[in-house]
Amino acid sequence: MKETPYTYRQTLKTPAPISCLAEGSSGHFFAGSDDGSVRVYNQETLKVVKAIRGLGEVSSVVCMAYYSAGGLGDIWVASNRHALRFTMDTEKMILAKADATLTLELGAENDDVLNELSLNQKNSQLAFCLDSGAVGVVDLSTKQVTRMKTSHDNICGTVKFIPDRPSELVSGGYDSRLLHHDFHQKTILSRFDLGTSLLSESSGVSMSPPFILSSAMSPSGILAAGTADGRVWIGTGGEKTTGVSSGASVKKKRRKWEGLKQDGAFTADVGHGPITALTFFGSRILFTSTLMGKVTLHEIGGPTADGKLDISPKWTKSTTDVNKVNAIIATKDLIIIGGLSETGGGITEVWEKSGDVPL
């Protein structure tokens with residue numbers, strides 16, 4: 001890999017902090033903000049081409065994958081207790097809350113707000129997680145809401161569907177636990193407590209517990225979870241290894257995903273301070289960001305002689321203008337980082353590819 005795979009391109013400023021980012025179709029990306037707005041940017045020009053205003057605080061945006069040329073498609077926005085669906089292919093330049101084609105109230109109490117939304121591969125199921133620790137799924141064809149019987153003991157900040165597992169998802173919470181759910185049966189298939197595991201293997205003294213603040217799922221089924229004490233937990237037990245690397249053996253598909261199995265997992269210290277954002281680029285490249293803006297590109301390698309995978313940092317760069325990072329995404333040619341400026345406003349920093357990034 002070249003020494004500098006990405007270089008700084010431009011900073012985009014907004015009045016309120018950027019809370020979330022999402023890659024859209026047709027060369028666009030979405031930025032959600034604390035002031036209840038969502039902006040749609042063209043990746044080439046970095047100009048705003050459309051916006052939504054007047055929502056409550058936005059915590060998550062997900063795009064429904066459409067493959068028609070030129071269209072923005074539909075998006076889901078998490079705002080306070082509600083998930084709202086918007087059709088973005090409209091003549092309106094600025095949409096309002098009243099333009100939502102569907103609004104679902106998912107938080108049970110006034111202070112039970114949504115944290116993250118996730119769509120499955122077929123755009124048929126919408127997963128959500130809440131401050132109360134609850135996790136649920138909406139069947140988008142029937143609008144039926146299913147809540148998991150087992151919740152987190154504290155805030156649940158992140159939820160992801162598992163690729164090629166039509167009834168399985170994984171959630172992470174401030175209770176330091178990862179829960180692997182069968183959402184059709186509403187049961188727990190497996191669980192892992194990072195609090196117990198990381199404390200036992202920690203050599204130093206950390207001021208922060210390993211709250212799970214962020215997660216990412218690779219297309220091949222590797223799970224990465226970022227913690228408040230500067231570490232990333234990688235679960236490789238559920239990876240589909242066929243064709244991933246020349247040394248990989250072909251695994252028979254298991255009855256269930258085994259991504260939380262301890263013998264296929266490892267932990268890496270990747271930064272000082274909370275790991276607030278993660279994103280995969282392909283199956284084995286992981287970007288991590290600390291709260292203060294240290295972004296690192298890691299390569300997951302292996303299997304080694306003992307059959308395990310490992311992670312190695314290949315390149316690191318600090319943000320220029322983002323003072324506190326809330327979100328990061330990797331598109332085909334860009335790294336986009338969103339958060340707060342030094343004065344508390346909104347900042348989206350864009351880096352462009354300048355070298356080779358292995359997939």
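Preceding block: the structure.
Only a predicted model underlies this, so the values are computations on that prediction, with no experimental measurement involved.

Reading the values: the criteria
Residue indices begin from 1 for each chain and proceed along its sequence in written order. It should be noted that, the model being predicted, local features are given only for residues of pLDDT at least 70 and side-chain atom pairs only at 80 or more, the latter also being counted only at that level, while totals for whole chains, interfaces and linings use all residues. Side-chain numbers come from the whole structure's heavy atoms, not from hydrogens or water. Two cysteine sulfurs form what is called a disulfide whenever their separation falls within 2.5 Å. Categorising residues by exposure relies on relative accessible area from a 1.4 Å probe, with only protein chains included: less than 20% of the type maximum marks a residue as buried, more than 50% marks it as exposed, and the intermediate range marks it as partly exposed. Only DSSP runs of H or I with at least four residues qualify as helices, and only runs of E with at least two residues qualify as strands; both kinds are numbered from the N terminus onward. Contact definition: two residues touch when any of their heavy atoms are within 4.5 Å. Pairs of N or O atoms are called polar contacts if they sit within 3.5 Å, as long as, within protein, a hydrogen donor faces a hydrogen acceptor (for residues adjacent in sequence, only side-chain-to-side-chain pairs). Each nonpolar core is a collection of buried residues, namely Ala, Val, Leu, Ile, Met, Phe, Trp, Tyr and Cys, held together in the definition by side-chain atoms within 4.5 Å. DSSP calls a pair of strands paired once it identifies at least 2 bridges connecting them. A fitted line through C-alpha atoms serves as each axis, taken over the contacting stretch for helices, and the angle formed by two N-to-C directions is quoted from 0 to 180°.

**Remarks on the state of the cysteines**
Argument step 1. Per the counting criterion, the structure on display carries 0 disulfides.
Argument step 2. Looking at cysteine 63, it has no disulfide partner, and the nearest cysteine sulfur is the one in cysteine 20, 10.0 Å off.
Argument step 3. With a relative accessible area of 19%, cysteine 63 lands in the buried category.

**Some thoughts on the environment of serine 218**
Argument step 1. With respect to the helices and strands, serine 218 occurs in the loop between strand S19 (212–217) and strand S20 (223–227).
Argument step 2. Ignoring anything within four residues of it in the chain, the contact list for serine 218 reads Pro163, Phe280, Gly282 and Ser283.
Argument step 3. In this structure the side chain of serine 218 is engaged in a polar contact, spanning 3.0 Å, whose partner is the side chain of serine 220.

**Some points on the nonpolar core**
Argument step 1. Core analysis: the largest hydrophobic core is formed by 18 residues, its most contacted members being Phe30, Ile52, Val61, Ile75, Val77 and Phe86.
Argument step 2. Looking at this core, the element that brings in the most residues is strand S6 (residues 58–63), giving 3 residues.
Argument step 3. In this structure, isoleucine 75 is in contact with Phe30, Val38, Ile52, Val61, Val62, Cys63, Leu84, Arg85, Phe86 and Met88, ignoring residues within four places of it in sequence.

**Details of the sheet that holds strand S10 (residues 102–105)**
Argument step 1. Across the sheet, which stays open at both edges, the 4 strands sit in the order S6-S7-S8-S10 with antiparallel pairing between neighbours. Edge strands, defined here as strands with exactly one partner in the open sheet, are S6 and S10. Neighbour to neighbour, the strand axes of the sheet diverge by 15° on average, direction disregarded.
Argument step 2. The sheet contact formed by S6 and strand S7 (residues 74–79) spans 5 bridges and is antiparallel. Counterpart to valine 58 in the pairing with S7 is serine 79.

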